[in-house]
Every structure is written in structure tokens, then in C-alpha cells.
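Reading the structure
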Amino acid sequence: MAYDLPVLSGIKNLLIGLWVTLRHLFSHAVTLQYPTERWPMPERSRGVVVLLSNKETGDLNCTACMLCAKACPCAAIMIERHRGDDKKWKIDSFSVDNSICCYCGLCEEACNFDAIKLTPKYEFSTYDKPSLTYDMHRLQELGRDVAYTPRVRKTPAAATPAMTATTEAGGASTPMAPRTATETPTNSSEKGGSA
Amino acid sequence: MREPAAGYSEEFEVNMGPQHPSTHGVLRLLLRMDGEIIKNAEPHVGYLHRAIEKICENRTYPQCIPLLDRFEYVTSMSTEEVFCLAAERIAAIEVPERAEYLRIIMLELDRIASHLIFLGTFSLDLGAITPFLYCIRERETIMDLFEMTCGQRLTYNYIRVGGVSQDIPEQFLPLARKFVDTFQHRVDDYEALLTENPIFLARTKNVGIVNKQVCLDYGASGPVLRAAGVEWDLRRDDPYSIYDRFKFEIPTGTVGDVWDRYMVRVRELRQSNEIVRQALDQLPTGDIKAKMKPLFKPPVGEVYARIENSRGEMGCHIISDGSTKPYRLKLRGGSFCHTQLIPEVAPGIMIADLVAMFASLDVILPEVDR
Amino acid sequence: MRLELSSLLKVIGDWISSLGLPVWLVDLIEMCGAAAMVMGMAFLIILFLVWWERKLSGHFQQRLGPMRTGWHGWLQTIADGIKLFQKEDIIPKTVDRKVFYWAPVICFASSFAAFACLPWGKNLWPTDLNIGILYIFAITTFVVISLLMAGWSSNNKYALLGGMRSAAQIVSYEVPLTLSVLGVIVATQSLSMVAIVGAQEKVYNWFIFRQPLGFLIYLIAATAETNRAPFDIPEAEQELVAGFNIEYSGMKFAMFFMAEFLNLFLVSAVAVTLFLGGWHGPFLPSWLWFLLKAFFIVFVIIWFKWTYPRLRVDQLMEFCWKFLLPLAFLNLIVAGFLFR
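Basis of the calculations
- Residues numbered from 1 in each chain as written.
- Chains lettered and ligands numbered in written order.
- Predicted model: local features only at pLDDT ≥ 70, side-chain atom pairs only at ≥ 80, totals over all residues.
- Heavy atoms only, no water.
- Pairing = 2+ DSSP bridges.
- Helix = DSSP H or I, 4+ residues; strand = E, 2+ residues; numbered from the N terminus.
- Axes fitted to C-alpha atoms, helices over the stretch in contact; angles between N-to-C directions.
- Contact = heavy atoms within 4.5 Å.
- Expected span 1.5 Å × (residues − 1).
- Bend = angle between axes of the 7 residues up to and from the residue.
- Buried area = accessible area lost by both parts, 1.4 Å probe.
- Salt bridge = Lys/Arg side-chain N within 4 Å of Asp/Glu carboxyl O.
- Polar contact = N/O pair within 3.5 Å; in protein donor to acceptor, adjacent residues only side chain to side chain.
- Nonpolar A, V, L, I, M, F, W, Y, C, P; charged D, E, K, R; others polar.
- Patch = residues over 30% accessible without salt bridge, like charges linked within 9 Å, V, L, I, M, F, W, Y side chains within 5 Å.
- Areas by Shrake-Rupley, 256 points an atom, 1.4 Å probe, with all protein chains shown as cover.

**Points about the sheet that holds strand β7 (residues 312-320) of chain B**
All names here are of chain B. Pairing within the open sheet is antiparallel, and its three strands lie in the order β6-β7-β8. Sheet topology places β6 (301-309) and β8 (328-332) at the edges, where each strand pairs with a single neighbour. Here the strands of the sheet are splayed against their neighbours by 10° on average, with no regard to which way each runs. Bridge count for β7 against β8 is five bridges, and the pairing is antiparallel. Considered in β8, the bridge of I318 is made with L329. Helix α3 (residues 76-91) rests against β6, β7 and β8 of the sheet, and its axis sits at about 150° to β6.

**Here we look at helix α7 (residues 157-188) of chain C**
Residue and element names in this part refer to chain C. Taking 1.5 Å as the rise per residue, α7 with 32 residues should run 46 Å; its terminal C-alpha atoms sit 47 Å apart, in good agreement. At L182, α7 shows its strongest bend, of approximately 30°. Remark: Q189 follows α7 within two positions and exhibits a positive phi of approximately 60°.

**Details of the interface of chain B and chain A**
The interface of chain B with chain A comprises 36 residues on the first partner and 30 residues on the second. Summed over both partners, the interface of chain B with chain A buries about 2500 Å², with 52% contributed by carbon and sulfur atoms. The three residues of chain B that bury the most area against chain A are B:Q63, B:E147 and B:P198, which together make up 20% of that side's buried surface. The tally of links between chain B and chain A comes to two salt bridges. B:R160 serves as the salt-bridge partner of A:E109, at 2.7 Å between the closest nitrogen and oxygen. Inspection of the chain B/chain A interface yields 20 residue pairs in polar contact (both at pLDDT 80 or more). Sorting the residues of the side of chain B that touches chain A by element identifies α2 (61-69), α5 (130-150), α6 (172-194) and α7 (198-204) of chain B as the ones contributing at least two each. In terms of residues, the side of chain B that touches chain A owes the most to one element, α5(B), which gives eight residues.

**Comments concerning the interface of chain A and chain C**
With 20 residues of chain A at the contact, the number on the chain C side is 20 residues. Note on chain A versus chain C: buried area summed over both sides is about 1800 Å², and carbon and sulfur give 65% of it. In this assembly, chain A and chain C are joined by zero salt bridges. Applying the counting criterion to the chain A and chain C interface returns nine residue pairs in polar contact (both at pLDDT 80 or more). Tallied by class, residues from the side of chain A that touches chain C come to 13 nonpolar, seven polar and no charged.

**What to know about a nonpolar patch on the surface**
Residues and elements named next belong to chain C. A surface patch of nonpolar side chains, amounting to about 880 Å² of accessible area, comprises L5, L8, L9, I12, W15, L19, L21, I29, M37 and W287. Elements with a contribution of two residues or more to the nonpolar patch: α1 (5-17) and α2 (23-60). In this structure, L21 sits in the loop between α1 and α2.

What is shown is where atoms sit, not what they do.
Put into C-alpha cells, the structure is as follows:
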């Protein structure tokens, strides 16, 4: 090794390497001092799931059509619903288990009513796992300050009979068995214990 | 315990991994060593097996994509692409122009990101810690581009059957052009630190030689095969998507040693940069997704699609039984074949050379273990 | 009239002598005082160097380094020290206890003992041995013994491999190290550190200009002596996890750590004394010049670490014996002709 190495070109390349690191020594550091400085997240950034509400009335946009629960590849969304007096579905409970959710965004794409969205929020670390399952109220509170452009394609009243028809007909080939009345997700500590 | 006979030196077994700062993932290498020289190296894999192929049998095609992101998370875009290519071939779907161009841009940016990780971890294994940080800094820009488009930095869920999920926002093009214009100088920096450095040359030249015959015997592909002198790139030799519209070179090596594999990847960085530049120039307007039924139900059939991943040939074999879920999904990754090269090359080299050689193969364990 | 540090010390020394104590007690007090001052200096230097290496390595890599502990992280070393101090000192059952205990002590003590001979400034040396440079090279050789002790007593094949590699490396590189300074010694006709500094009063007399090859060989060999990149195979994390000090934790590990930085400063200080004119310089006090120059050489060695990959063990040895040693001999012959 020692004698067939061209010595001068070796020394020159060693010095070039030193020059590259010296240049970087005097350039501005790229570190972001979190938590005093925060990176402005892009608006499409997929963080925690929230439930969106109507800006005027404050009610949830969700019509309990269960499409998001069926679209989720991880079965992280658990919905319980019953038929109300006016034949429309009413939500009993809606919870998202953030320890299972993989933040893929398929639920947001499946929803036709701007009811569920992935927001750029990401600071949700806790010390106990059961508290990572968010119930309907928490999800609604988190979604209150989220801006969204409505893309309602059908009015809810006209859509509902057709929606239910598709879901019941497509029940045979539903991707995931959605967790509804058979499991009770409200007892989150029990779920947390089993998980 | 072996009894040392007179005149024998005793061999001892050393376990490298599964947790080890050097191996790229959870790989266990059982080394039998005689002093510094390795007599035998046996890779034990399976520590990262997550049964992805089995799980996919119970998920619809759109639901498989987030899962396949995690199959090879360093180049998620390629995994999504190969799966969507296979699904589109079964169902005979034609992807719109703009979607194809967007796919190419994302794939090549992904390739650049993956090669930057290779460069960083390779130089880290050799002891030069600084290039790792520089490569990560570059990668931040690419991940910013991905995040503003699809919302995630690593597991994108972007390339869908029939196109892509969302169009690029308006901030994408200026940032992408800026990246493409400055990237060549950055690669010059990395080369200045490493390529002609005499210490680097001493560590990598004529080390870990995998010649053409061994590569072909073991099914090696990608930069490992090209470094051995075989000019084979699926983007040119078995073209998919719209790669035939771009002009790019296929860098090859001569000997198949560590330096050749490094050089092939560095040159590929430059070529990918060129492809992204050309794609940005030629980007047309139009739809980003083909018109399809809401529920994707391909006809009965079987297809094997393959693409040129940054690690080699990545293949996806789908058997469809006509339902919304694939009957069988099989993934082929280049790293699995490359891991088998280790027992072939290891006997007779020193442990430092094994580390350099293994780093140069650019093995990603999730691709090996699935 | 400038207040010179040496005259201040002289005043204190005179006052102690005038107290009417027996001579041996006065000598003892003076020696202990000098040792305490050098020890204090050594700890301050370690404090500074650990922080400085982390900051420099951060900025070479375009990041910030420690920022939270104090202003720009200057208290980081103290935080690390407290952490190591309160860590459990785990001693595996099968180690050779006496050897295991004494290894870090010998490592630290030998690096520190060499500080006694350094000329810190004008009239500011603890002692002026007439075999100064020989003493320094001899006493730092004890580090090899301590590394072998650490590697062997740990009863661990990784530690043994690491220890033996280190020992082989240090012993090999001592030969070109010593040969490279022989040129300087031939020029000054003396082994005493003070005399060598005295021969470099004018800038054009500095030995870096009269012995450039010697300086380069010294710098490379010194980097290898302190086990730093590109010669840091014994400490390479990527190869076999930390080498000889695997089994050490807590304060014993802290002693190895401190000894490494002391060694780093020592070789830089020796480089300054032999090649860069010691404490000579205009305007600023002499000890400040010494420290500035020494930290500059430390900066160069840190710069090497964060730029270059590392050499393999056999390449390291080959480089030493087949490349540096003939060059060092060549340098000596040329020096012999120049300075006869």
C-alpha cells in the first residue's frame, strides 16, 4: 500500500477533504431548537385524526355512515350508532385509538361529509397507553380550530338512504369487520389492558 | 469448546448483532474467527418479520398500500409503485400522463433519498462521521417536498392504483427546482470528502469483490450487479411507466469491489437528479388518477411486476381471485439476495472489511424479513 | 509594569520560605502547591476540551452541539461528570480485581505526570528537567501498560482484542514519534523543554519552518498515539463495540475518558513547545500564547477526526512501519546535515 500510492495526489485529496469540513464549520447550523422553535407544518401534513364540526351550528358533520371505519386498514376507528326517530343514524360513540392508527389518511379520503380529517398536530405523547384512545368529545374539541374547505358532494338528507343501501349491500365484501355493537370501545382501560 | 492441538490457533465465535451500531437493521451475523480473519459468516434473519404478505391477504387493494409502505420504508414510493403496477396490469388500467410524470418525480427523489442514506451509513461504518450528517441534511429537503405533497415524510401512501392520490401544491415546483439545481454541488462535496481520499481508497479498493459470476448465481441486481460490470437496469431493459422518455446513463463498475458499488451509487445520484430535472421540465397538465370504480375489484389473474428499486430488482407477484382483496401477494426484494452474498465473500477477510462490504451492499432488513 | 504570573508565584514562594519552617517542609509545600496548580489546570483543560470537541464536531456537521446546559452548553462537561460520578460502578464477577482497579489509575496518572515538565509560560514551569522530552515520552508509555491491563483483566474477548490492538498501535507509533523530534533535539543540542523553547525566540526560528517534515510526522504519529481518528480502530464503535473499556462504567470509565483528553492536550502542548515556539509571542501574556497555540493544534487534531474515515489495523501498521518510519529517518539524516 505504502509505495504504490501516489503520495502527492493523496496529500492533495486529504487537504481538499479538510477544506470541505472547514467550509461547513463556518456556515450556519441547520438545527431547529425544538421546543422553542417549531417547524411550520405543511397543511397536508398527516398527524392526529380529528372530527370536524359545522362552523355555524357547532354540531358534528359526521353522519355515522361507517365508511371511515371500513376504510381503515388497522381497525383503529370504532363507531357505535343507532337509528333515530327520523330514520337517520345517530352516533352513540366514536373513538379513535391513536396507538393503532398509522396516519395513512384513508379515512379522510373515504369520508363524503368533511367529518374526519388528519391535522398537522403531532404533540400528543402521554405516559399511559389507554389515554391514547380519544373519544368523540376529545376528537371534536381537537377539531374545532381546524380550517377546512367543505367538499360536500351530496346533501346529507338525499345521501343517507343511498349510503345505507351501499353499505348493507357491500357488507359481504367489507374490508374489515367494523367494530360496532359487538365490542364496547368506551371502556378504554379494558381495551388498553388487553392491548 | 475445541481443544487446541499443537500448532493450531483456536477459532472463536463472535456474535455480531442483532443490535449492533454497524449492521443496517436487526441482522445477526454469526462469525467464526481466527484472530482477525473471518473463517465463516452466517447471517440469521427474521428478527423483523411482520407477516406483511399474510396480512395483505385480508386487506383491500387500497388498504394494502399503507402496509406495503412499511415493507421497505426507506423507499416507500418504489414499493407502492410496484404494487400499483401489478394491480394496474391485472385490471388493464391506464394511468394518465400527469400521474405518470408525478410518479417518476417521486420515485427518483425517493431513489436519491435512499442513496443518500446509503452514503451516510456507509461512511459512518468506515469511520467518517461527517458525511452522514451532510446526507441527512440533503434528505430533509426531499422529505419536505414529500410532506408538502402527501403529508408524510416516510410512509407516503401516495401512489395509488390508477394514479396518485393528490396533486402537487404550488410550492412544490420552486422548491424542487432549487433542490435539483443545488444538488450537483452537494454531491461534489461528498465526493471531495470520500472518493479520492487515500484512506477511503485503502479501505475500499479491492475489498469485498463480488464478481459477475457470483452476482448472477445469487440473483444480485441493482448497483451490486452493475458494479460487477453487468449493464442491466430495468428502467432501460424492461421499461415500465414512462422511463423511455428520459435520457439517463447506466453507471457500471469494473471489478465489483466496495469502491465500485459506492461509485455506481454516487453516479446514480447524479443521474436521478437529471431525470427529476427532465420530468419537471416535461410535466404536463391533466388528471392525476384514472377513472375507476370506487371499489377496486380486478379480474381473476396472476401477474408479476418488477421495477428498479435503489437496492435492485423489486418485484410484486399478485394472484387475484376476482375479489377486492388479493388472494396472494408476494414481494421480492433485492436485499434478500444480497444478504446471501455474505457467506460467499466473508471467508478470508478481516472484520473491518466485512463491515465495509456489508455496508456497501446496502441491505435493508425490512426488505429481507418482510 | 505588567503583573507577571511568574513574579506573583515567586512572591508567594518567598513568603513561604520566610516562615521559618524546616527546608524539607518548605520543599514539600512548594511541590504540593505546584502539583495542585497543575492538577487544577488539567481539570480546567479537560472541562474545556470536552465541550469544545462537541461544539466543534457539531459545527463541522452543520449542527449546534450542546446548547441547553449553560450558555451554548459550556456546562456540559460538568453535567457529564456528575452523571458519570453517580453511575453505578459495575464490576463483573470474573475480572481480575486488582488489575481491573489499577488500570484506569495508571492511565490517568501517567498522562498527568507528563504535565510536570511542560513550560506553561515565561518562568512558569513546574520543573525543568534536563531530560524533559525523554521523560515525557517515557512516562506516557505507561498508557500502553494500562490499556493491556484493562483489556486483559476484563475477561472479555472484545476488550482483549481492543486492548491488544491499542497496545500494538501505540507501541508502533512511538518509534516515528520519537524519531521526528530528534531533528529538533539535534538542532538545540538539549533535551530540556525550556532550552528548546528558548531556541525559538524569533518567529523564523520556529522549528515548524526549519523541520516541516518532522512536524508533519509528529502530528500524524501523535494522532495515532492518542487513539484518535483516522487511527481510532481500538475505539471504533462500528467494529467491536468500544474496545478495551467495555467493562468499565462510572468513575473508572470517567478516568479513561479524562486520560484521553489529557493525552490529547499533552501531545499538542509538546508540539507547540517543540515546533511552534512555545510561549513566545508579542503583546499577550506568555501563558496565554502557550494555551492558544496548544488549542490550535488540538483543533487541527479534532479537525482530522471529523473529516477522515478510519484505517484498518493492518493498514495502520503498514503505514507506520513502511511509510512514516523511513520518512522519519530521512528527516533525521537531513537534520543532521543541516544542524551540524
